[in-house]
Amino acid sequence: MAKDENLPLFATKLAKGRILFQFYSLLIFVGICFIFVYRLSHIPAKKEPGRWAWMGLFFSELWFSFYWFVTTVVRWNPIYRNTFKDRLSHRYEKALPGIDIFVCTADPVIEPPVMVISTVLSVMAYDYPPEKLSVYLSDDGGSDLTFYAMLEASRFSKIWLPFCKKFKVEPRSPEAYFRTAVEPLGEPVMAKDWSTVKKLYEDMKKRIENTTKLGRISEEISKEHKGFNEWIFVASRRDHQTILQILIDGRESEAMDIQGQTLPTLVYLSREKRPRYHHHFKAGAMNALIRVSSRISNSPIILNVDCDMYSNNSMSVRDALCFFMDEEKGNEVGFVQFPQAFENLTKNDVYSSSLNVLMELEMPGFDGNGGPCYIGTGCFHRRETLSGQKYSKIYKADWKRWINRSVEDSTSVLEETCKVLASCSYEENTQWGKEIGLKYDCAVEDVLTGIAMQCRGWRSIYFTPERKGFLGVAPTTLLQSLVQHKRWSEGDFHIFASRHCPFVLGYKKIPLKLQLTYCMNLLWAANCLATLYYVIVPSLCLLRGISLFPEITNSWVLAFVFVIIVHRAYSLGEFVWFGGTFKGWWNDQRMWLYKRTTSYFFGFLDYILKRLGFTNSAFVITTKVAGDDVSQRYEQEVMEFGTSSPMFTILATLALLNAICFVSGLKRVIADVETLVWEKFALHILLCGLLVFINLPIYQGLFFRKDVASLPTSVTYQSTMFALLACAIAVY
């Protein structure tokens, strides 16, 4: 027994098979060195055609090599964690700390109320003492439809929570559970309860959906709760007072489920918004929740999840506490990040949304180099870290201090006194958004906030449980995916180019290898320049008959061929190792190209324009719902276009340009077969051919598909004109 008291609550282990990766990295490094020797020793003479194209290609390859070095640093030393929840229960079951859970939503159309409450119910049903759970919903849409759904959820929780705990169901999102679970006909007791609970859920879901379709709250429903009276004073979703309602107060005797067990506290909050105040998007909503929760429950641990990211593992809270409450290393842990995973992925992941390699290899690489970044959802925080406190070696968490704290004010008093904490003017002349809470004025406030926490001395932990902790909804159209990555890349580059850059803010505060590791994401946008150059210039040089690569009979070609084959073969093996397929890998390569030539380009361009004062920040919410026809094409892995977009125009222009150059190159080879022109342009034709092959969905969307999801005629005309113009300029 005494021996068990000294055992750690978690263990860390190094990844296996890293010798193979290190050997592979050495081979690639040698190959890159040979390529650079070739480039520097074969620079065309001053008046020789293609000199500047050659130099541009050399600088592009320099950039690719630098970025490869950064990703190698990330992947060099990944570590993995496992927890011992039995030891946690043995030592602390009666002294477990409170947990405040924040769920954020912003638009009842894009983020349907049914989806929101499924996430809320999933976190209310954690395998954890319910009296120590407090769930807060931030509704930045200020919607009475969302409030009505929360009211329905508060009632349904009295049935759903005991059902989950009685039969230990997983996942504990009712929508996800009843969609995937099979009725347990072989277990009569469970089958009866299962049918009853499912019917109650379906009835509730139908009521919510019918009200949502109606678009307003009926007079009958408005009489069900005093909270609906708040919407009498709401001018619009961007102009209203603070609306705060404690739907379940876990302290009250009536807050019981059907089996007489205490229910978690449940709070609805729509912070005040006025046109003359900047509300700072999700970061502002989170900061309002931090303040309001500090008055109502003030739990020492805070979990935040997006409204579409439901809990898929009822033990996640206990997993996280194994890190925070470890006697030896727990005091230095500021936040515990869980992976971002999705439930609606297709077999071959047509839009490369799974992020498997990122979540299974590169994020553990972050952890090995000093700690993962904060990715905005599925993250457990120590409240002190969000309050701006710096880590000190003498710091020691006093869990009893939090346990013994109680609030004596009544529910109605709390509702009124907390409203000021979510008012527009509360943050004026304070450090909120600067040194306290989530950071403002950045599209990726989560990453910036995580860097700031680490620079204050806190350690972050990345944990991947066997059963995914959280599951969300991935984009179901190409444009959704590209726009999402545009916002991420722009925000990341904003951090890199500001005083918050890890090399500046983190100087002597976080390890150099962690500073380099952050560059992998922060330099996404900058990748667009070298990639666009490599996609456009070699193809146009092929059209003009200018060679930028060694002849196929020249021994220098071996360096290029070696690096290409070994690098891509390792990439394929890595992708398949982490659960992908060959076709999924090919889709990943396509999206890699599409994101770099559109999302990252527009992210980079928007950052430059904002610095010059031409545009303002805007937060784009990714749609969480899709029509039946869109969903059907997504499941069939048919690429979705269907609308005009500058991103599609660029993709189509690049695809057509490479098709024209490829055909021209083949024509040149066939016409001059006796002079062995193909030897001179073999690598050109190979590169151009790969770009044509990878763009097959674009050609189908332009010329062969006739459905509503094909590329619009306007995009076809524009891209054809731009591609022909570029070719004409190159030739003449």
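Draft legend 1. Expanded view of the overall build of the protein chain. Counting secondary structure elements, the protein chain contains 27 helices and twelve strands. Taken against the 2.2 N^0.38 rule, which gives 27 Å for 732 residues, the C-alpha radius of gyration of the protein chain at 28 Å falls within 12% of a compact globule. The principal-axis extent of the C-alpha atoms belonging to the protein chain is close to 95 × 60 × 60 Å. For the protein chain, the proportion of its 732 residues judged to be buried stands at 59%. A fraction of 82% describes how many contacts in the protein chain between residues 6 or more apart in sequence connect residues 24 or more apart.

Draft legend 2. Region of interest: the nonpolar core. Membership of the largest hydrophobic core comes to 79 residues, with the highest contact counts inside it found for Trp160, Leu321, Phe324 and Phe380. When residues of this core are assigned to their parent elements, the largest contribution, 13 residues, is made by helix H6 (residues 144–167). Those residues in contact with Phe324, other than ones at most four positions away along the chain, are Ile301, Gly330, Asn331, Val333, Gly334, Phe335, Val336, Phe380, His381, Arg382 and Trp399. Counting residues in each nonpolar core, the second largest holds 47 residues, with Leu542, Phe575, Phe578 and Val715 among its members.

Draft legend 3. Looking closely at a nonpolar patch on the surface. On the surface, a nonpolar cluster with roughly 500 Å² of combined accessible area is contributed by Phe23, Leu26, Phe29, Val30 and Phe34. Judged by its relative accessible area of 46%, Phe34 is partly exposed.

Draft legend 4. Spotlight on the packing of helix H20 (residues 527–544) against helix H27 (residues 713–731). With their axes 9 Å apart at the nearest point, H20 and H27 run at an angle of 55 degrees to one another. In terms of orientation, H20 and H27 fall into the oblique class. The handedness of the crossing between H20 and H27 comes out as right-handed. Listed contacts from H27 to Leu540, Leu543 and Arg544 of H20 are Ala726, Cys727, Ala730 and Val731. Residue composition of the contact of H20 with H27, by class: six nonpolar, no polar and one charged.

Draft legend 5. Layout of the packing of helix H22 (residues 582–611) against helix H24 (residues 646–671). At a minimum axis distance of 10 Å, the contact between H22 and H24 shows a crossing angle of 140 degrees. By the angle class used here, H22 and H24 are oblique. The element H22 and its partner H24 pack so that their crossing is right-handed. Across from Tyr594, Thr597, Thr598, Ser599, Phe601 and Phe602 in H22, the residues of H24 making contact are Pro646, Met647, Ile650, Leu651 and Leu654. Considered class by class, the residues forming the contact of H22 with H24 number eight nonpolar, three polar and no charged.

Draft legend 6. Focus on the pattern of salt bridges. Per the stated rule, a full pass over the model turns up 36 salt bridges. Of the charged contacts in the structure, one is a salt bridge between Arg179 and Glu343, with a shortest N-O distance of 2.5 Å. Pair noted here: Arg179 is in helix H7 (residues 174–180) and Glu343 is in the loop between strand E9 (333–337) and helix H12 (356–368), with a separation of 164 residues, a long-range link. The partly exposed category is assigned to Arg179, whose relative accessible area is 45%.

Draft legend 7. Summary view of the environment of Val357. Locating Val357 in the fold gives a position in helix H12. Take Val357: its relative accessible area is 14%, and that puts it in the buried class.

Draft legend 8. Region of interest: the sheet that holds strand E11 (residues 459–462). One open sheet holds the eight strands; their spatial order is E5-E6-E4-E3-E7-E10-E9-E11, and the pairing between them is mixed. Both outer strands of the open sheet, strand E5 (243–248) and E11, are each paired with one neighbouring strand and no more. Taken pair by pair, the neighbouring strands of this sheet meet at an average axis angle of 20 degrees, ignoring direction. In this structure, E9 lies alongside E11, joined through four bridges in parallel fashion. Counted as the bridge partner of Phe335 is Ser460 from E11.

Draft legend 9. Expanded view of H22. Taking 1.5 Å per residue as the helical rise, H22 with its 30 residues ought to reach 44 Å, and the 42 Å between its terminal C-alpha atoms agrees with that figure. Of all the bends found along H22, the most pronounced is centred on Lys595 and spans about 40 degrees. At the C-terminal side of H22, Gly613 shows a positive phi close to 85 degrees.

Draft legend 10. Spotlight on the side chain of Ser423. Position of Ser423 relative to the elements: it lies in the loop between helix H15 (411–419) and helix H16 (445–455). Those residues in contact with Ser423, other than ones at most four positions away along the chain, are Thr242 and Glu272.

Draft legend 11. Representation of the packing of aromatic side chains within the structure. Applying the stated criterion across every chain yields a total of 48 aromatic pairs. Members of the aromatic cluster, joined through ring pairs, are Phe156, Trp160, Phe163, Phe167, Tyr177, Phe178, Trp194 and Tyr201. Here the guanidinium or amino end of Arg39 rests over the ring plane of Trp54, the centre of that ring lying 4.7 Å away.

Draft legend 12. Representation of the environment of Met591 within the structure. In this fold, Met591 is placed in helix H22. For the pair Met591 and Leu214, spaced 377 residues apart in sequence, the C-alpha separation works out to 39 Å.

Draft legend 13. View of the state of the cysteines. Applying the stated criterion across every chain yields a total of zero disulfides. Summary of cysteine pairing: Cys418 is not part of a disulfide, and the nearest cysteine sulfur, belonging to Cys424, is at 17 Å. Of all cysteine sulfurs, the one in Cys501 lies closest to Cys519, which takes part in no disulfide; the gap is 6.2 Å. Assessed through its relative accessible area of 1%, Cys519 is described here as buried.

Draft legend 14. Looking closely at unusual backbone geometry. Following Glu170, the chain continues to Pro171 via a peptide bond in cis, the omega torsion being -10 degrees. Tracing the sequence through the fold places Pro171 in the loop between H6 and H7. Unusually for a residue other than glycine, Lys168 sits at a positive phi of about 50 degrees. Its place among the elements puts Lys168 in the loop between H6 and H7.

Draft legend 15. Just the pairing of strand E4 (residues 133–139), in detail. Among the seven residues of E4, seven are classified as buried, and the element is accordingly described as predominantly covered. The alternating pattern of E4 places Leu133, Val135, Leu137 and Asp139 and Ser134, Tyr136 and Ser138 on opposite faces, both of which are buried. Pairing analysis gives seven bridges linking strand E3 (residues 99–105) to E4, with the strands arranged parallel. Residue pairing for E4: Thr105 is matched across the bridge by Asp139. The parallel pair E3 and E4, bridged by helix H5 (residues 113–124), forms a crossover whose chirality is right-handed. When E4 meets strand E6 (residues 265–270), the two strands line up parallel, connected through five bridges. In the sheet register, Val135 faces E6, and the bridge partner there is Leu266.

Draft legend 16. Spatial organisation of the pairing of strand E10 (residues 379–382). Both faces of E10 are covered, namely the face carrying Cys379 and His381 and the face carrying Phe380 and Arg382. Note that strand E7 (residues 301–306) and E10 share four bridges and pair antiparallel. In the sheet register, Asn304 faces E10, and the bridge partner there is Cys379. Bridge analysis of E9 against E10 gives three bridges, and the strand direction is antiparallel. Of the residues in E10, the one forming a bridge with Gln337 is Cys379.

Scoring rules and cut-offs
- Residues numbered from 1 in each chain as written.
- Predicted model: local features only at pLDDT ≥ 70, side-chain atom pairs only at ≥ 80, totals over all residues.
- Heavy atoms only, no water.
- Helix = DSSP H or I, 4+ residues; strand = E, 2+ residues; numbered from the N terminus.
- Rg over C-alpha atoms; globule rule 2.2 N^0.38 Å.
- Buried < 20%, exposed > 50% of the residue type's maximum accessible area, 1.4 Å probe, protein only.
- Contact = heavy atoms within 4.5 Å.
- Core = buried A, V, L, I, M, F, W, Y, C linked by side-chain atoms within 4.5 Å.
- Patch = residues over 30% accessible without salt bridge, like charges linked within 9 Å, V, L, I, M, F, W, Y side chains within 5 Å.
- Areas by Shrake-Rupley, 256 points an atom, 1.4 Å probe, with all protein chains shown as cover.
- Salt bridge = Lys/Arg side-chain N within 4 Å of Asp/Glu carboxyl O.
- Axes fitted to C-alpha atoms, helices over the stretch in contact; angles between N-to-C directions.
- Parallel < 35°, antiparallel > 145°, perpendicular 65-115°, else oblique.
- Left-handed = near helix turned anticlockwise from the far one by under 90°.
- Nonpolar A, V, L, I, M, F, W, Y, C, P; charged D, E, K, R; others polar.
- Pairing = 2+ DSSP bridges.
- Expected span 1.5 Å × (residues − 1).
- Bend = angle between axes of the 7 residues up to and from the residue.
- Phe/Tyr/Trp six-rings, centres within 6.5 Å; stacked < 30°, edge-to-face > 60°.
- Lys NZ or Arg CZ within 6 Å of the ring centre and 35° of its normal.
- Disulfide = S-S within 2.5 Å.
- Right-handed = clockwise from strand over helix to strand, strands pointing away.

Nothing here speaks to function; it is geometry throughout.
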